[in-house]
Amino acid sequence: MARNPQRRAQLADAGLRVLAAGGARGLTHRAVDAEAGVPTGTASNYFPSREALLGALAERAFERYAPDEAVLAELAGREPSLALFTDYLRYIVLRTTREPDVTRALIELRLEAARRPELGRSLAAVLRRGYADDVAFHAAAGLPGGAFEIALLHYAVDGLLLDLLTTSIDAGFDVDEVVSALVSRLVGGAGRASG
């Protein structure tokens, strides 16, 4: 099996672009090879099955969402508060909207996972790990709210991203205003720190 991590990332990035543009039906090993500009058969050397390819795309999407450590350090230097929580959430929305193809591909993966039980199990594990990591980070940072509020915000932000990156209801509200309202309304009354 091929082991070059840079080539694997290049192929996964190409796969995310293919998935975002053409949906799950357009995602083939050949389409990934063509998008990556590599010889036919390269993607299948790295991802021998469709399930392996789809699973690798889910992992790569979350790698691409990884936060900038300098931004996290700046935020971590502030006192825990609702305002700080809001800024963390703003940063999440920024990271997921500045790479719209990655987020659209993840939406496609979630839809495909509903039809493919094996992908559903592996993607569910990735999503649950992300949620658990968010809850642990939130608690360690001393931010207001807890696991329930983090879940509420996951549900709300998923809907916001779906609206921002697909066909929108076009309600005309500023995204920053929406993020602030989500935090204040969903977390504001839950063990709120001053802020």
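For clarity, every value in this text was computed on a predicted model and none was experimentally measured. (Residues numbered from 1 in each chain as written. Predicted model: local features only at pLDDT ≥ 70, side-chain atom pairs only at ≥ 80, totals over all residues. Heavy atoms only, no water.)

## With respect to the overall build of the protein
Secondary structure assignment for the protein yields ten helices and zero strands. Scanning the protein from its N terminus toward the C terminus, one meets helices and strands in the order α-α-α-α-α-α-α-α-α-α. When the backbone C-alpha atoms are referred to their principal axes, the protein occupies close to 60 × 35 × 30 Å. Out of the 195 residues in the protein, the part that is buried amounts to 38%. Looking at the protein alone, contacts between residues at least 24 apart form 68% of all its contacts between residues at least 6 apart. (Helix = DSSP H or I, 4+ residues; strand = E, 2+ residues; numbered from the N terminus. Buried < 20%, exposed > 50% of the residue type's maximum accessible area, 1.4 Å probe, protein only. Contact = heavy atoms within 4.5 Å.)

## What about the nonpolar core?
A general tendency of soluble globular proteins is for nonpolar side chains to be buried together. In this structure, Leu11, Leu19, Leu27, Val32, Leu57 and Leu109 are the most contacted members of the largest nonpolar core, which totals 29 residues. Mapped by element, the contributors of at least two residues to this core are α1 (5-26), α2 (29-36), α3 (42-46), α4 (50-64), α7 (100-115) and α8 (117-141). In terms of residues, this core owes the most to one element, α1, which gives eight residues. Setting aside residues up to four positions removed in sequence, Leu109 forms contacts with Leu19, Leu54, Leu57, Ala58, Leu119 and Leu123. Membership of the second largest hydrophobic core comes to 18 residues, among which are Leu75, Leu84, Val183 and Val187. (Core = buried A, V, L, I, M, F, W, Y, C linked by side-chain atoms within 4.5 Å.)

## A few points about the packing of α4 against α8
Running from amino to carboxyl end, α4 crosses α8 at an angle of 15°, the nearest separation of the two axes being 10 Å. Regarding the angle of α4 to α8, the classification is roughly parallel. Considering how the two elements wind past one another, α4 and α8 form a crossing that is right-handed. For the pair α4 and α8, contact is made by Glu51, Leu54, Gly55, Ala58, Glu59 and Phe62 and by Glu118, Leu119, Leu123, Val126, Leu127 and Arg129, respectively. A per-class count over the contact of α4 with α8 returns seven nonpolar, one polar and four charged. (Axes fitted to C-alpha atoms, helices over the stretch in contact; angles between N-to-C directions. Parallel < 35°, antiparallel > 145°, perpendicular 65-115°, else oblique. Left-handed = near helix turned anticlockwise from the far one by under 90°. Nonpolar A, V, L, I, M, F, W, Y, C, P; charged D, E, K, R; others polar.)

## Quick word on the confidence of the model for the protein
Summing up the model confidence of the protein, the mean pLDDT is 91 and the portion of residues at 70 or higher is 96%. Of all secondary-structure elements in the protein, the lowest mean pLDDT belongs to α4, at 90, while α2 reaches the highest, 97. (pLDDT = per-residue confidence, 0-100.)

## Digging into the pattern of salt bridges
Evaluation of the coordinates by the stated rule reveals 14 salt bridges. Residue Asp158 pairs with Arg110 through a salt bridge whose shortest N-O separation is 3.1 Å. Taken together, the positions of Asp158 in helix α9 (residues 147-165) and Arg110 in helix α7 put the pair 48 residues apart, joining distant regions of the chain. Residue Asp158 is classed as partly exposed on the basis of its relative accessible area of 33%. Members of the salt-bridge network, linked through shared partners, are Asp13, Arg60, Glu63, Arg64 and Glu99. (Salt bridge = Lys/Arg side-chain N within 4 Å of Asp/Glu carboxyl O.)

## Some points on unusual backbone geometry
Despite not being glycine, Asp170 has its phi angle at roughly 50°, a positive value. With respect to the helices, strands and loops of the structure, Asp170 is situated in the loop between α9 and α10 (175-186). The class of Asp170 is exposed, set by a relative accessible area of 65%.

## Some details on α7
Over its 16 residues, α7 runs 23 Å from end to end, which matches the ideal 22 Å to within 8%, given 1.5 Å per residue. Those residues of α7 lying buried are Val102, Thr103, Ala105, Leu106, Leu109, Glu112 and Ala113. Along its buried surface, α7 packs onto α1, α4, α6 (82-97), α8 and α9. (Expected span 1.5 Å × (residues − 1).)

## Some points on the packing of aromatic side chains
If you walk through the whole model with that rule in mind, you get three aromatic pairs. Above the plane of the ring of Tyr91 lies Arg95, whose end atom (NZ or CZ) is 4.8 Å from the centre. (Phe/Tyr/Trp six-rings, centres within 6.5 Å; stacked < 30°, edge-to-face > 60°. Lys NZ or Arg CZ within 6 Å of the ring centre and 35° of its normal.)

## Digging into the environment of Ala56
If you trace the backbone, Ala56 turns up in helix α4. Residues Ala56 and Arg30, spaced 26 residues apart in sequence, show a C-alpha to C-alpha distance of 16 Å. The contact partners of Ala56, leaving out residues within four places of it in the chain, are Arg8 and Phe47.

## Considerations on the environment of Val93
Following the sequence through the fold, Val93 ends up in helix α6. Of the residues examined, Val93 reaches a relative accessible area of 4% and is grouped as buried. When the C-alpha atoms of Val93 and Asp176 are compared, they prove to be 9.2 Å apart, with 83 residues separating the residues in sequence. When near neighbours in sequence (up to four residues on either side) are disregarded, Val93 contacts Val157, Leu160, Val175 and Val179.

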